[in-house]
Amino acid sequence: MHSYTFNSKTELFERGVPKRPWGRIGLIAFLVVVAATAGWELYWRGQGYEPSYDSTDSSWSEFRAKAQNAGPEYTIITGSSRALFDIDLPTWRTETGNEHLIQLAKEGASPLPIVRDLVQNTNFSGTLIVSVAPGLFFSKRSMHDSDAEGLVKHYHNWSPAQKMEHWANLLMEPTFVFVEKGALNLGNLLQEMEMPNRPNYLAGYDGVPKLSNDTRERQARMWSKVVTDTAYARRVRGIWMGFSARTGPLMRPADYASKKAEAVAGQFMPMPPFIRFTPGERDSFFMEIKSWTDQFRQRGGKIIFIRPPSAGMLYKLEEQSFPRKETWDALLEKTGVPGIHFEDHPELQGFELPEWSHLRAEHAPPFTKALARLVVSALR
Amino acid sequence: MLFNSLSFFFFFALLLGLHYAPLPWRVKKANLLLASYIFYAAWNPPFVVLLWLSTVVDWFAAKKISQTEEPGRRRLFLWVSIVLNLGLLSYFKYGKFLLDNFTAIVQAAGIDYQPAAPDIILPIGISFYTFQTMAYTLDVYLRQTKPAGSFLDFALFVTFFPQLVAGPIVRPTELVPQFETPKQANLQQLMWGLGLLTLGLFQKMVVADTLLSKTSDMVFGSEQALHGLDAWMGVLAFSGQIFCDFAGYSTAAIGIALCLGFALPENFHCPYGAVGFSDFWRRWHITLSSWLRDYLYIPLGGNRLGATRTYVNLMITMVLGGLWHGANWTFVAWGALHGVYLSAERVVRGWWGHKPWASFPIVTMVFAVGTFYLIALTWVFFRATTFSKAGQLLASMHGWHPEGAQILPTTQIILVAATMTAMVGMHWSMRNVTLEAVVSRSPAWLVAAVWSVLLFSLIINQGGGNAFIYFQF
C-alpha cells in the first residue's frame with residue numbers, strides 16, 4: 001500500500017492527497033488553535049505568571065559574545081544565581097555611572113570555567129566581579145563544572161542555527177507567558193502529576209521550580225509567588241537543604257523527604273566528601289585560580305570576589321561545610337585579590353531572602369547600591 | 001536548522017512566499033538551492049564545502065560515464081565517485097572508530113601505542129546525502145537513468161533541504177524530473193502538506209521528546225541493574241521514541257516538500273504492525289532498506305546464488321546497514337541481529353510458509369507479537385553505548401534482577417504504557433491502509449479536530465528544540 005506513485009503519462013513521481021474540504025478544515029483548525037492558545041495564555045497569566053526571558057545557553061552566549069571585544073571600560077559580573085538575583089543592573093549603572101555592564105553569571109554553575117575562559121580566550125582588561133556561592137565555588141567539581149564548561153563550549157561552537165533560534169525566541173518571550181520553556185512546558189506539567197509510587201521506588205532529586213522572571217539583560221527578579229506563598233518558599237528551602245540530605249545517587253522519596261525536613265530544621269549533615277576539598281586539594285585549587293587572576297591583572301584588569309548573603313539553615317550549612325577561614329579568607333589570602341563578604345559590611349545585611357539563598361526583588365536595588373559603593377572603593 | 005524550531009517557522013514562511021511569488025522557474029529553483037545551503041550551513045557553515053564537493057564530483061563523474069561506452073572508463077569514473085563519497089564518509093564517521101580499534105588491536109599485541117585523540121566533527125546528515133548522490137552515479141552507470149539535464153537541477157537534488165539531513169533517501173528518478181518543470185502546490189496539496197508537517201512535528205516533539213525520551217534516558221543511563229518493569233518500560237519507550245523521532249522527521253520532510261509542490265517517497269509505514277522481519281524492513285526506513293537492497297544485496301548476488309550465499313549476502317547487507325547507523329560495535333550487533341532474524345525467517349518460511357494454519361488470524365497475531373518482541377530486543381543494542389549495559393538490560397528484562405532498582409515513577413510508567421499501546425494498536429490497525437485513505441474516509445469535523453489537537457499540543461509543548469536522533473547518523 002503506497003501513498004505515492006509514478007504518474008504513467010508524465011512519468012513524474014506524485015503523492016496522493018485525501019479529498020477533503022481542506023480550506024474549511026484548515027480555517028476551523030486555525031481558529032480553534034488560536035482560541036485555545038489565547039485561553040492557555042490567559043489561564044497562566046491568571047496563575048500569576050508574567051512574560052519572562054528564558055535563561056538559556058544561547059542567551060548567555062549572546063552576552064559572552066559582547067564580552068569578547070569589550071574594552072577596559074566594561075564591568076563583567078559572573079558567578080551563580082545569587083549574582084543574577086542580588087545585583088540589580090540598572091541600580092549598578094546609576095550608582096557607578098558606568099553603562100558598560102555585562103551579566104555572565106549562570107544559575108547553578110560555578111564561575112571558574114567562565115573566568116578561565118575570559119582570561120584565556122579574550123583580551124578583556126576591564127573589571128571582573130566574581131560572585132561566590134560557597135557550595136558551588138568551593139566544591140571539588142567547580143573547576144570543571146559541567147554546566148559552566150558546557151556554556152563556554154556552547155559559546156565557542158554557537159552555530160548560526162542556534163543564533164537564529166535565540167533571536168526568534170526573543171521576539172516571543174517579552175509578549176507571551178506560555179512560551180516559558182521551564183515551568184510551563186508540557187513535559188514538566190505532566191511530570192508534576194502526583195501518583196502513588198511503588199514501595200521500593202528510588203527517586204532522583206528535585207529540580208528547582210520557577211524562582212524568577214528574567215530581564216532581557218539576564219537579571220533575575222524573584223517571582224512574587226516565592227515571597228507570598230510560604231509553602232512554595234518552604235519547598236525551595238527544602239531543595240537547597242536537600243543537597244546535604246543526599247546519601248546516594250537515588251533515594252526512596254520518603255527517606256529523602258524526612259532527611260530534608262530534618263536538614264531544614266537544623267539537623268543537617270555537612271556537604272558530602274565528594275563535594276568538599278581535602279586541604280591539599282584546596283591549595284592547588286587556589287593556586288590555579290591565582291594563575292588566572294595574576295594573568296588578568298598583569299594585562300591591566302581589575303578583579304574582585306564578592307560573597308552575597310545567604311540566610312537561615314542554608315547559611316549555617318554553608319558555614320559548617322565550607323568554613324569561612326578555610327575557604328573565603330584563604331581564597332583572598334592566596335590569590336591576593338580583594339573581596340567583599342556580606343558579613344563584614346552592615347550595609348549588606350538585613351535584607352530579606354525568602355528561600356534563604358536569593359534576595360527578594362524589591363531588596364536587590366538597595367543591596368546593589370551598597371555593594372556598588374564598596375566595590376568601587378575596594379578597586380580604587 | 002531544526003524543523004522543530006521557531007527559526008525554521010520564519011525560514012519556511014519566507015521561502016513559501018518566494019516560491020509562490022511571480023518569478024521565473026529558474027529563479028525559484030535558485031531560491032530553493034540557496035535556501036537549502038542556508039538550511040545546512042546553519043549548523044556548521046564550513047561543511048557546505050563537502051556538499052559542494054560531492055555535488056561537483058558526482059555531476060562530472062556521471063556525465064563522463066554517460067559520454068563513453070568504454071567499460072574501463074565508465075568503471076574509472078564510477079570509482080572516482082565511490083572513493084570520494086565513501087572516503088569522506090569513512091573519514092568523518094568512521095575515522096575515530098577505526099583508529100580506536102586499530103589501537104586496541106596493537107595494544108593487545110603488546111605494543112605500547114597511544115595515538116593523539118582525533119578531533120573530528122561529524123558533518124550532519126553526511127550518511128544520507130552520501131547515499132543519495134552515490135545512487136545518482138550508480139544509476140547512471142547501471143543505465144537506470146540519464147544524467148540530469150541541468151547542473152542546477154542536480155545540485156538541488158543533492159541539497160533539497162526537506163530531506164537533506166535525515167532522509168527520506170531519494171532516488172534521482174524520483175526527484176530530478178520534478179525540478180524540470182514549474183511546480184507549485186495547489187490548495188489541497190498545500191493543506192495536506194501542512195497537515196503532514198504538523199503530524200511529523202507532533203510525533204517528534206510530543207511523543208518522542210515529551211512522552212518517551214525521559215524514560216528511555218533514565219533507563220539507558222542508569223548504572224544500576226534495574227527491575228524488570230523498569231527495563232521493559234525503558235526499552236519500550238526507546239522503541240517508540242526512535243520511531244517517532246525518525247518517522248516524525250520523514251513525515252515533516254514529506255509535508256514540507258508537498259507544500260512546495262514536490263513529492264517525496266514514504267519512509268515508514270506502521271513498522272510495529274509488521275509480521276516478520278522482511279515485512280518490518282518493508283515498513284521501517286523504507287528508502288534505506290531499498291537502497292541497500294538495490295545497490296548492495298542484489299549486486300552481491302541477492303538470493304540468486306544458492307541458499308548459503310543468500311544468508312551470507314543478508315548478513316553482509318544488514319551488518320553494513322548497522323554500521324551505517326553509527327561507528328560502534330553495538331550498531332554492528334544491531335545489524336547482525338537483524339541479519340540473523342531475516343535468515344531465520346527464510347528458514348521458518350520454508351518450513352511453515354505453505355501450511356494453511358500459517359495464515360490464520362491468531363497465528364498472524366502471534367507472529368506480529370513475536371516480531372515486535374524481537375525488534376524491541378534489537379533496540380537495546382541500538383541505544384546502549386556498551387555491550388555490558390545492553391547485557392544488563394536484557395538480563396533485567398528477562399527476570400534476572402528481581403531485586404533491581406525501581407527508578408521509574410508511576411507517572412512515567414503510565415505515560416509509556418499508554419503511548420506504546422496506542423502506537424502499536426494504530427500500527428496494527430493501519431498496517432494495510434494508508435494515512436491518506438484513512439483521512440479520506442474521515443468526516444471533515446474530525447479531521448479539523450485532530451489537526452487542532454496536534455497543533456495545540458505542539459504550541460504548549462514548546463521546548464528546547466531537541467535535535468533529531470538520526471541527525472547523528
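Before any of the text, the structure's been laid out above.
Residues numbered from 1 in each chain as written. Chains lettered and ligands numbered in written order. Predicted model: local features only at pLDDT ≥ 70, side-chain atom pairs only at ≥ 80, totals over all residues. Heavy atoms only, no water.

It is worth spelling out the overall build of chain B at this point. For chain B, the count of helices and strands is 19 helices and 0 strands. Taking 23 Å as the expected radius of gyration for a compact globule of 473 residues, we find that chain B reaches 23 Å, a close match to that expectation. Put simply, chain B has 473 residues, and 60% of those count as buried. For chain B, long-range pairs separated by at least 24 residues make up 78% of all intrachain contacts whose partners lie at least 6 apart in sequence. Summed over all atoms, the accessible surface of chain B reaches about 19000 Å², with 69% contributed by carbon and sulfur. (Helix = DSSP H or I, 4+ residues; strand = E, 2+ residues; numbered from the N terminus. Rg over C-alpha atoms; globule rule 2.2 N^0.38 Å. Buried < 20%, exposed > 50% of the residue type's maximum accessible area, 1.4 Å probe, protein only. Contact = heavy atoms within 4.5 Å. Areas by Shrake-Rupley, 256 points an atom, 1.4 Å probe, with all protein chains shown as cover.)

This part is about the packing of aromatic side chains. In this description, a pair of aromatic rings is defined by centroid distance and the angle of the planes. The tally for this structure, following the rule as stated, stands at 75 aromatic pairs over all chains. Here the aromatic rings of Phe 277 of chain A and Phe 285 of chain A are separated by 4.6 Å at their centres, their planes lie at 40 degrees, and the arrangement is tilted. Residue classification places Phe 285 of chain A among the buried positions, given a relative accessible area of 4%. In this arrangement the basic side chain of Lys 210 of chain A is found over the ring face of Trp 223 of chain A, its NZ or CZ atom lying 5.3 Å from the centre. Above the face of the Trp 324 of chain B ring, Lys 93 of chain B is positioned so that its terminal group lies 5.3 Å from the ring centre. (Phe/Tyr/Trp six-rings, centres within 6.5 Å; stacked < 30°, edge-to-face > 60°. Lys NZ or Arg CZ within 6 Å of the ring centre and 35° of its normal.)

Turning our eyes to something else, we now look at a nonpolar patch on the surface. Residue and element names in this part refer to chain B. A grouping of Val 347, Trp 351, Trp 352, Trp 357, Phe 360, Ile 362, Met 365, Val 366, Phe 367 and Val 369 is seen on the molecular surface, where their side chains present a nonpolar patch of about 970 Å² in accessible area. Those elements that provide at least two residues to the nonpolar patch are α14 (329–352) and α15 (361–383). When residues in the nonpolar patch are grouped by element, the largest group, 5 residues, is from α15. Tracing the backbone shows Trp 357 in the loop between α14 and α15. (Patch = residues over 30% accessible without salt bridge, like charges linked within 9 Å, V, L, I, M, F, W, Y side chains within 5 Å. Salt bridge = Lys/Arg side-chain N within 4 Å of Asp/Glu carboxyl O.)

Before going further, it helps to examine the pairing of strand β3 (residues 75–78) of chain A. All names here are of chain A. Burial along β3 is two-sided: Thr 75 and Ile 77 facing one way and Ile 76 and Thr 78 facing the other are all buried. Bridge analysis of β3 against strand β4 (residues 101–103) gives 3 bridges, and the strand direction is parallel. Following the sheet pairing, Ile 77 is matched in β4 by Gln 103. When β3 meets strand β5 (residues 127–131), the two strands line up parallel, connected through 4 bridges. Note that in β5 the partner of Ile 77 across the bridge is Ile 129. (Pairing = 2+ DSSP bridges.)

On to the state of the cysteines. As enumerated under the stated definition, the model contains 0 disulfides over all chains in all. Sulfur of Cys 270 of chain B: no disulfide; nearest cysteine sulfur belongs to Cys 244 of chain B and is 11 Å away. (Disulfide = S-S within 2.5 Å.)

Before going further, it helps to spend a moment on the nonpolar core. Phe 137 and Phe 305 of chain A together with Phe 39, Phe 160, Tyr 272 and Trp 379 of chain B are the most contacted members of the largest nonpolar core, which totals 245 residues. With 19 residues, the single largest contributor to this core is helix α10 (residues 228–259) of chain B. Setting aside residues up to four positions removed in sequence, Phe 137 of chain A forms contacts with Pro 111, Leu 112, Val 130, Ser 131, Val 132, Ser 142, Phe 285, Ile 289, Phe 305 and Leu 331 of chain A. (Core = buried A, V, L, I, M, F, W, Y, C linked by side-chain atoms within 4.5 Å.)

Let's shift gears to the side chain of Thr 127 of chain A. With respect to the helices, strands and loops of the structure, Thr 127 of chain A is situated in strand β5. Sequence-distant contacts of Thr 127 of chain A, that is, excluding residues within four places in its chain, are made with Tyr 74, Thr 75, Ile 76, Lys 302 and Leu 379 of chain A.

With that out of the way, let us pick up the interface of chain B and chain A. Quite often, the size of an interface is put as the accessible area lost when its parts meet. Taken together, the contact pairs 66 residues of chain B with 55 residues of chain A. Between chain B and chain A lies a buried interface of about 5200 Å² when both sides are counted; carbon and sulfur atoms form 67% of it. Considering only the side of chain B, the residues that lose the most area to chain A are Gln 406, Ile 460 and Gln 462 of chain B, jointly responsible for 12% of the buried surface there. At the surface where chain B touches chain A, the tally comes to 3 salt bridges. Ionic pairing is found between Arg 198 of chain A and Asp 230 of chain B, a salt bridge with its closest N-O pair at 2.9 Å. At the surface where chain B touches chain A, the tally comes to 16 residue pairs in polar contact (both at pLDDT 80 or more). Of all elements in the fold, only α1 (6–19), α8 (172–175), α9 (187–221), α10, α17 (410–429), α18 (435–441) and α19 (444–460) of chain B reach the threshold of two or more residues within the side of chain B that touches chain A. The biggest single contributor to the side of chain B that touches chain A is α19 of chain B, with 10 residues. Broken down by class, the residue content of the side of chain B that touches chain A amounts to 37 nonpolar, 23 polar and 6 charged. (Buried area = accessible area lost by both parts, 1.4 Å probe. Polar contact = N/O pair within 3.5 Å; in protein donor to acceptor, adjacent residues only side chain to side chain. Nonpolar A, V, L, I, M, F, W, Y, C, P; charged D, E, K, R; others polar.)

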